[in-house]
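Commentary on secondary and tertiary structure
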Amino acid sequence: MNMSIEEKLGVDKYLVDENNAHIEIDNAHSDIQEKMKLVNACPAGLYKLSDDGTLSFDYAGCLECGTCRILSMGKVVSKWEFPLGTMGIEYRLG
């Protein structure tokens, strides 16, 4: 049985630490190209750019892959850590 990426991700479990965002963004950063890197590269599609240039991000669905950390740490991404123990994503299919 072949499963799509979306189907595989749909069975994963997320334990979200509501009191501690493990990734934070700096919306004061004004470089739209830098923000678009995150919008285009996030495999979970968690970065969204509004018409006014404001970037939004929902860490609750984060795959913890580190793509945004590598692309934009110290620029748009102001904080990137792994979630606290027992929190974050639990992969169910590899």
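The structure contained in this document is the topic of the report that follows.

Reading the values: rules and limits
Residues numbered from 1 in each chain as written. Predicted model: local features only at pLDDT ≥ 70, side-chain atom pairs only at ≥ 80, totals over all residues. Heavy atoms only, no water. Helix = DSSP H or I, 4+ residues; strand = E, 2+ residues; numbered from the N terminus. Polar contact = N/O pair within 3.5 Å; in protein donor to acceptor, adjacent residues only side chain to side chain. Contact = heavy atoms within 4.5 Å. Phe/Tyr/Trp six-rings, centres within 6.5 Å; stacked < 30°, edge-to-face > 60°. Buried < 20%, exposed > 50% of the residue type's maximum accessible area, 1.4 Å probe, protein only. Lys NZ or Arg CZ within 6 Å of the ring centre and 35° of its normal. Salt bridge = Lys/Arg side-chain N within 4 Å of Asp/Glu carboxyl O.

Here Glu34 lies in helix α2 (residues 32-41). At 3.3 Å, the side chain of Glu34 and the side chain of Lys37 are in polar contact. In this structure, Glu34 is in contact with His29, Leu71, Ser72, Lys75 and Val76, ignoring residues within four places of it in sequence.

The next point concerns the packing of aromatic side chains. Tallying each qualifying case throughout the model produces 2 aromatic pairs. Pairing Tyr47 with Phe57 gives two aromatic rings, centres 4.3 Å apart and planes at 25°, and the pair type is stacked. Of the two residues, Tyr47 sits in strand β3 (residues 47-49) while Phe57 sits in strand β4 (residues 55-57), which places them 10 residues apart along the sequence. This pair shows no difference in class: Tyr47 is buried, exactly as Phe57 is. Residues Trp80 and Phe82 carry aromatic rings whose centres are separated by 4.9 Å and whose planes lie at 80° to one another, so their mutual orientation is edge-to-face. By relative accessible area, which is 11% here, Trp80 ends up buried. One Lys or Arg, Arg69, reaches over the ring of Trp80 and ends 5.2 Å from the middle of that ring.

Bringing the pattern of salt bridges into the picture now. One pass over the structure, following the stated rule, counts 5 salt bridges. Between Lys79 and Glu24 there is a salt bridge, with the nearest N and O atoms lying 3.8 Å from each other. Of this pair, Lys79 sits in strand β5 (residues 77-80) while Glu24 sits in strand β2 (residues 23-25), placing them 55 residues apart in sequence. Residue Glu81 is joined to Lys79 by a salt bridge in which the shortest nitrogen-to-oxygen separation is 3.8 Å. Residue classification places Glu81 among the partly exposed residues on the basis of a relative accessible area of 39%. What emerges from the salt-bridge pattern is a single network uniting Glu24, Lys79 and Glu81.

That is the geometry; function is a separate question.
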